[in-house]
Amino acid sequence: MQYKRIMCLDYGDVRIGIAFSDLLQTIASPYSTYTRKNLQADLDFFKSLAISQNVELVVIGLAYNMDGTSGDRIEKTKDFGDKLSNYLNLPIEYVDERLSSVEAEDILREAKVPSIKRKGLIDKIAAGIILQNYLNSRK
């Protein structure tokens, strides 16, 4: 039996936070923050990453409004997710990511990470939080 990872994306217009599960799909680890270039370059980057990390599923956070309604951000995220799924030939699962960035900011603040460094870390930490919540929900 070959074990595979789950890749999680915290999608944004400028940056995309990335996290991966361990091979047993129980622990999420923040990986990096990707700065977007253009659609084709973005798809190529994630294809290369999915292959190198032996990914079988991509989880993407959806930024619902606090009242549970959806907005333009969700449509943009799903549009990107659909294109990514087709390009990677991998399934995509969408999960509610409300407050993941706030939680990531709190974690970095508690760790006394200077605010100037937080901006580059928040997205990957948020992706790790989204993925860990997803993994926990499957138990």
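Cut-offs applied
Residues numbered from 1 in each chain as written. Predicted model: local features only at pLDDT ≥ 70, side-chain atom pairs only at ≥ 80, totals over all residues. Heavy atoms only, no water. Phe/Tyr/Trp six-rings, centres within 6.5 Å; stacked < 30°, edge-to-face > 60°. Helix = DSSP H or I, 4+ residues; strand = E, 2+ residues; numbered from the N terminus. Lys NZ or Arg CZ within 6 Å of the ring centre and 35° of its normal. Polar contact = N/O pair within 3.5 Å; in protein donor to acceptor, adjacent residues only side chain to side chain. Contact = heavy atoms within 4.5 Å. pLDDT = per-residue confidence, 0-100. Expected span 1.5 Å × (residues − 1). Patch = residues over 30% accessible without salt bridge, like charges linked within 9 Å, V, L, I, M, F, W, Y side chains within 5 Å. Areas by Shrake-Rupley, 256 points an atom, 1.4 Å probe, with all protein chains shown as cover. Salt bridge = Lys/Arg side-chain N within 4 Å of Asp/Glu carboxyl O. Axes fitted to C-alpha atoms, helices over the stretch in contact; angles between N-to-C directions. Parallel < 35°, antiparallel > 145°, perpendicular 65-115°, else oblique. Left-handed = near helix turned anticlockwise from the far one by under 90°. Pairing = 2+ DSSP bridges.

A few words now on the packing of aromatic side chains. Under the definition given, this model contains 6 aromatic pairs. Ring geometry for Phe46 against Phe80: centres 6.3 Å apart, planes inclined by 75°, an arrangement best described as edge-to-face. Of this pair, Phe46 sits in helix 1 (residues 39-52) while Phe80 sits in helix 2 (residues 72-88), and the two are 34 residues apart along the sequence. For the cation-ring pair, Lys47 lies above Tyr87, with the distance from its terminal atom to the ring centre recorded as 5.0 Å.

Time to look at the side chain of Gln25. Within the secondary structure, Gln25 sits in the loop between strand 2 (15-21) and strand 3 (28-35). Side-chain polar atoms of Gln25 contact the backbone oxygen of Lys4, separated by 3.0 Å. Polar side-chain contacts of Gln25 include one of 2.6 Å to the side chain of Glu56. Beyond its immediate chain neighbours, meaning those up to four positions away, Gln25 contacts Lys4, Arg5, Ile6, Glu56, Leu135 and Arg138.

Turning our eyes to something else, we now look at the confidence of the model for the protein. On average, residues of the protein carry a pLDDT of 89, and 91% of them reach 70 or more. Mean pLDDT in the protein bottoms out at helix 3 (residues 100-110), which sits at 72, and peaks at helix 1, which reaches 98.

On to helix 2. In a regular helix each residue adds 1.5 Å, so 17 residues correspond to 24 Å; helix 2 covers 24 Å between its end C-alpha atoms and thus fits that length. Where helix 2 is buried, its residues contact strand 1 (5-10), strand 2, helix 1, strand 4 (55-62) and strand 5 (92-96). At the C-terminal side of helix 2, Asn89 shows a positive phi close to 55°.

We now examine a nonpolar patch on the surface. A surface patch of nonpolar side chains, about 300 Å² in accessible area, is lined by Tyr3, Leu23 and Leu24. Mapped onto the secondary structure, Leu24 falls in the loop between strand 2 and strand 3.

In this section: the packing of helix 1 against helix 2. Across the interface, helix 1 lies against helix 2 with an axial gap of 10 Å and an inter-helix angle of 55°. Considering the angle they form, helix 1 stands oblique to helix 2. Note that helix 1 runs across helix 2; the crossing there is right-handed. Facing helix 1, whose interface residues are Leu39, Gln40, Asp42, Leu43, Asp44, Phe46, Lys47 and Ala50, helix 2 presents Phe80, Lys83, Leu84, Tyr87 and Leu88.

What follows is about the sheet that holds strand 1. An order of 3-2-1-4-5 is seen for the 5 strands of this open sheet, with the pairing classed as mixed. The outermost strands of the open sheet, each flanked by one partner alone, are strand 3 and strand 5. Here the strands of the sheet are splayed against their neighbours by 25° on average, with no regard to which way each runs. By the bridge criterion, 4 bridges tie strand 1 to strand 2 in an arrangement that is antiparallel. Note that in strand 2 the partner of Asp10 across the bridge is Gly17. Against the sheet, helix 2 touches strand 1, strand 2, strand 4 and strand 5, its axis set at about 170° to strand 4.

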